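Observations on the model geometry
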Amino acid sequence: MKHYIKNSVIIALCAGVLFSQKIVRVDGSSTVFPITEAVAEEFQKVYKDIKVVVGISGTGGGFKKFLRNETDINDASRPIKEIEYEIAKKNGIEFIELPIAYDGLTVVVNPSNNFCNELKVSELKKLWEPAAQDKIKMWSQIRESFPEKEIHLYGPGVDSGTYDYFTEAVVGKEGASRGDYVASEDDNVLVQGVASDPLALGFFGYAYYEQNKDKLKAVAIDPEDGRGPVYPTIENIRRGKYFPLSRPIFIYVNVKSLEREEVKKFVEFYIKNAKKLVSEVGYIPLSDEAYELVLKRFKNRVKGTLFGGEGSKGGISLEELLKREIR
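Residues numbered from 1 in each chain as written. Predicted model: local features only at pLDDT ≥ 70, side-chain atom pairs only at ≥ 80, totals over all residues. Heavy atoms only, no water.

Concerning the overall build of the chain
For the chain, the count of helices and strands is twelve helices and twelve strands. Looking at the chain as a whole, 53% of its 327 residues are labelled buried. Once local pairs closer than 6 in sequence are excluded, the contacts in the chain between residues at least 24 apart make up 75%. For the chain, the computed accessible surface area is about 14900 Å², with 51% contributed by carbon and sulfur atoms. (Helix = DSSP H or I, 4+ residues; strand = E, 2+ residues; numbered from the N terminus. Buried < 20%, exposed > 50% of the residue type's maximum accessible area, 1.4 Å probe, protein only. Contact = heavy atoms within 4.5 Å. Areas by Shrake-Rupley, 256 points an atom, 1.4 Å probe, with all protein chains shown as cover.)

Quick word on the pattern of salt bridges
Between side chains of opposite charge, a pair can form when the charged atoms approach closely. In this structure the tally under the stated criterion is 23 salt bridges. For Glu-235, the salt bridge is made with Arg-238, and the minimal N-O distance between the two is 3.3 Å. Here Glu-235 pairs with Arg-238, and both are found in helix α9 (residues 234-238), just three residues apart, close to one helical turn. Each member of the salt-bridge network shares a partner with another, and the members are Arg-78, Lys-81, Glu-84, Asp-164 and Glu-174. (Salt bridge = Lys/Arg side-chain N within 4 Å of Asp/Glu carboxyl O.)

Quick word on the sheet that holds strand β10 (residues 217-218)
Across the sheet, five strands lie side by side as β8-β7-β9-β5-β10; this open sheet has mixed pairing. Single-partner strands in this sheet number two, and they are β8 (182-184) and β10. Bridge analysis of strand β7 (residues 152-156) against β8 gives three bridges, and the strand direction is parallel. Pairing of Gly-155 across the sheet is with Ala-183, part of β8. Sheet contacts for helix α6 (residues 161-171): β5 (106-109), β7 and β9 (200-204); angle to β9, the most-contacted strand, approximately 105 degrees. Those strands touched by helix α7 (residues 187-195) are β5, β7, β8 and β9, and its axis lies near 155 degrees from that of β9. (Pairing = 2+ DSSP bridges. Axes fitted to C-alpha atoms, helices over the stretch in contact; angles between N-to-C directions.)

Thoughts on the nonpolar core
Among soluble globular proteins, nonpolar side chains are generally buried collectively. By size, the foremost hydrophobic cluster in this structure holds 100 residues, and its most contacted members are Ile-35, Trp-128, Leu-201 and Phe-266. The greatest single-element share of this core, amounting to nine residues, is contributed by helix α10 (residues 261-280). Apart from the residues lying within four places of it in its own chain, the contact partners of Phe-266 are Val-24, Val-26, Thr-36, Val-39, Ala-40, Phe-43, Val-52 and Ile-73. (Core = buried A, V, L, I, M, F, W, Y, C linked by side-chain atoms within 4.5 Å.)

Topic: the packing of helix α5 (residues 121-128) against α6
The interhelical angle for the contact between α5 and α6, taken along N-to-C directions, is 120 degrees, at an axis separation of 9 Å. In this view, α5 runs oblique relative to α6, as classed from their interaxial angle. The residues of α6 that touch α5, namely those facing Val-121, Leu-124, Lys-125 and Trp-128, are Phe-166, Val-170 and Val-171. The residue inventory of the contact of α5 with α6, partitioned by class, reads six nonpolar, no polar and one charged. (Parallel < 35°, antiparallel > 145°, perpendicular 65-115°, else oblique. Nonpolar A, V, L, I, M, F, W, Y, C, P; charged D, E, K, R; others polar.)

Thoughts on the packing of helix α2 (residues 33-46) against α10
Between α2 and α10, the shortest axis-to-axis distance is 9 Å and the interhelical angle comes to 120 degrees. The crossing of α2 and α10 is right-handed. Here α2 contributes Ile-35, Thr-36, Ala-38, Val-39, Ala-40, Glu-42, Phe-43 and Val-46 to the contact with α10, which in turn contributes Glu-262, Lys-265, Phe-266, Phe-269, Tyr-270, Leu-277 and Val-278. Within the contact of α2 with α10, the residues separate by chemical class into eleven nonpolar, one polar and three charged. (Left-handed = near helix turned anticlockwise from the far one by under 90°.)

Description of the sheet that holds strand β2 (residues 50-54)
Spatial strand order, β2-β1-β3-β12-β4: five strands in an open sheet with mixed pairing. In this open sheet, the two edge strands, each paired with only one partner strand, are β2 and β4 (95-104). Sheet twist, expressed as the average angle between the axes of neighbouring strands with direction ignored, equals 20 degrees. Inspection of the sheet shows strand β1 (residues 22-28) paired to β2 by five bridges, in the parallel sense. Looking at the pairing, Arg-25 lines up with Val-53 of β2.

As structure tokens, this is what we get:
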């Protein structure tokens, strides 16, 4: 009997420790995930009593949890949409929107593909628009010089902010896309799909290409504005030359959660260490000025969105948007 009592006490004590542990809950974009994961690892080395749990539900899936008060922070590869903003108001959830890096959506093919080195935006539209479903099936239908072979498409699922941004930038309407492609919210699945399929074409965040350069070939994108095809590189993305597939990425913080010291500490740590860690995982950091403005936005608890609830946008100057708030 004493043996069982002793075990019960140990179990109860362990349960008490787990129950009292400070936890920061994050979910959302698979694109932003590598940054948040890196920040969480470094943060937990300093604050050993705080656990940061990071999930991947896609930007849209993450917002659903965030707007149900299930998470403290949502990783997002696009700005919040108007419908999500309205749900936040309805549910009494106030949030702070914090840009944390730049990304360039990277179009990739298999390394054995020796014919597709660049694509025009109009060709991408022809390939991905809703009208292409069950009709554009061959490489030769995109460009006559391409071989008459099947094209196999890989891309993010509909809950992904990357999907939203790509369809807005390429097709001209957010969410407008053919549905007959291999979809996943996990970019690693897309990487493996393209890497193992000689006839594949896919797209995802720049960091996943950077980490898998030996398995993939990036395609230069021609915006058809006279500048010619441009490859996704850190410099081209930072300078806005890789158009229209460059974008800012974000974290959204629940204001109520900031009443807990562990969440406040994590967000401050995130902003102050973002530049270094963003670069380490293959993304493009904001300017020093932008990070200072982001930190000021956080410390001043500036609520709402810089983007008017309009979702994905191209050609955005974050510095200018952030400066407008403090004029």
